[in-house]
Amino acid sequence: MKIGERIRNLRQSSNLTQEELAERANLTKGFISQIERDLTSISLDSLIQILEALDENISDFFRDASEEKIVYREKDRVTIEKEKIKKFELLVPGSTNRRLEPILLTLRKGEATPKEKPHEGEEFGLVLRGRINLRFGKEILKLKKWECFYLSAEKEHWLHNGSSKEAVILWISSPPSF
């Protein structure tokens, strides 16, 4: 990843505009824009000013760029023991530092996820095998294989396997919560 792209990603994850970052780093908005688009080179002094404004350590800035993992194999998954759930696998370990958290969830007949209280964020689920009931507030929505849900998590919600066969769901939360 290029330096400009890394700076832009850090700025955006800090919810700063180019102007706000420029102000904090004592630089111009135009200069920040050029750096982010890799239209100009950056001095070490300017890079340090920007990273200090973003509360980022220079060694972490360069370490993260070279060590970012992109492909996750089955052996990388982390299984979390959850009461009354057959299998709860984090597909991307350490995703609490990211914007999304993908989970592979397996529910036996009659199993349900814990009830989630209303919270910030959004959730997506795709039924890979079986059938499930999605409880969203007072609604009960039925989904079968290859059907999906996408919801804003402002109401209490959970999944339940009311069928006689095992269900497997790809579940993605944003922001991460597990």
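The preceding data block contains the structure.
Residue numbering note: each chain is counted from 1, following its sequence as written. Only residues with pLDDT of at least 70 get local features here, since the model is predicted, and only at 80 or more are side-chain atom pairs given and counted; chain-wide, interface and lining totals rely on the full set of residues. Note that water and hydrogens are dropped before the side-chain values are worked out from all heavy atoms of the structure.

## Notes on the packing of aromatic side chains
Any two rings among Phe, Tyr and Trp, with Trp reduced to its six-membered ring, count as a pair given centres within 6.5 Å; such a pair is stacked if its planes are under 30 degrees apart, edge-to-face if over 60, and tilted if neither. The final tally for this structure, using the stated rule, is zero aromatic pairs. Only Lys NZ and Arg CZ are tested; either one counts as a charge over a ring when it is within 6 Å of the ring centre and within 35 degrees of the ring normal. In this structure, lysine 115 packs its charged tip against the face of tryptophan 158, placed 4.7 Å from the ring centre.

## Concerning the pairing of strand E3 (residues 101–107)
Among the seven residues that make up E3, seven are buried, leaving the element largely enclosed by the rest of the structure. Only protein chains enter the accessibility calculation, which uses a 1.4 Å probe. A residue is then buried if its area is under 20% of the maximum for its type, exposed if over 50%, and partly exposed in between. Helical segments are the DSSP runs of H or I of at least four residues, strand segments are the runs of E of at least two, and each set is numbered from the N terminus. Judged by which residues are buried, E3 turns out to be covered on both faces: Glu101, Ile103, Leu105 and Leu107 on one side and Pro102, Leu104 and Thr106 on the other are all buried. If DSSP finds at least two bridges between two strands, the strands pair. As defined by bridge partners, E3 adjoins strand E9 (residues 167–174) across seven bridges and the pair is classed as antiparallel. Within E9, the residue paired with leucine 104 across the bridge is leucine 170.

## Things to note about helix H1 (residues 3–13)
Within H1, the full set of buried residues consists of Gly4, Arg6, Ile7, Leu10 and Arg11. Axial view of H1: buried residues confined to an arc of 160°, hence all on one face. Residue asparagine 15 follows H1 closely and has a positive phi angle near 55°. The arc in question is the one traced by the directions running from the helix axis out to the C-beta atoms.

## Some details on the packing of helix H2 (residues 18–25) against helix H3 (residues 29–36)
Helix axes are fitted only over the stretch in contact, all axes being lines through C-alpha atoms; the angle between N-to-C directions runs from 0 to 180 degrees. Two elements in contact, H2 and H3, have axes whose closest approach is 8 Å; the angle formed by their N-to-C orientations is 110°. Classified by the interaxial angle, the pair formed by H2 and H3 is roughly perpendicular. Both H2 and H3 take part in a crossing whose hand is right-handed. Residue-level inspection shows Gln18, Glu19, Leu21 and Ala22 of H2 in contact with H3, the latter providing Lys29, Ile32, Ser33 and Glu36. Residues of the contact of H2 with H3, tallied by class, amount to three nonpolar, two polar and three charged. Working rule for angles: under 35 degrees goes down as roughly parallel, over 145 as roughly antiparallel, 65 to 115 as roughly perpendicular, anything else as oblique. Crossing handedness is read from the near helix: turned anticlockwise from the far helix by less than a right angle, it gives a left-handed crossing, and turned clockwise, a right-handed one. We call two residues in contact whenever any of their non-hydrogen atoms come within 4.5 Å of each other. Three classes are used, and their members are as follows: Ala, Val, Leu, Ile, Met, Phe, Trp, Tyr, Cys and Pro are nonpolar, Asp, Glu, Lys and Arg are charged, and the others, Gly among them, are polar.

## With respect to the pattern of salt bridges
By convention in these notes, a salt bridge is any Lys or Arg side-chain nitrogen within 4 Å of a carboxyl oxygen on Asp or Glu. Summed over all chains, the structure comprises seven salt bridges. Across the pair glutamate 156 and lysine 117 runs a salt bridge, and its minimum N-O distance is 3.7 Å. Of this pair, glutamate 156 sits in the loop between strand E7 (148–152) and strand E8 (157–160) while lysine 117 sits in the loop between E3 and strand E4 (122–129); the two residues are 39 residues apart in sequence, bridging distant segments of the chain. Of the residues examined, glutamate 156 reaches a relative accessible area of 26% and is grouped as partly exposed. For lysine 117, a relative accessible area of 60% corresponds to the exposed category. Salt bridges linked by common partners bring Lys86, Arg129 and Glu166 together as one network.

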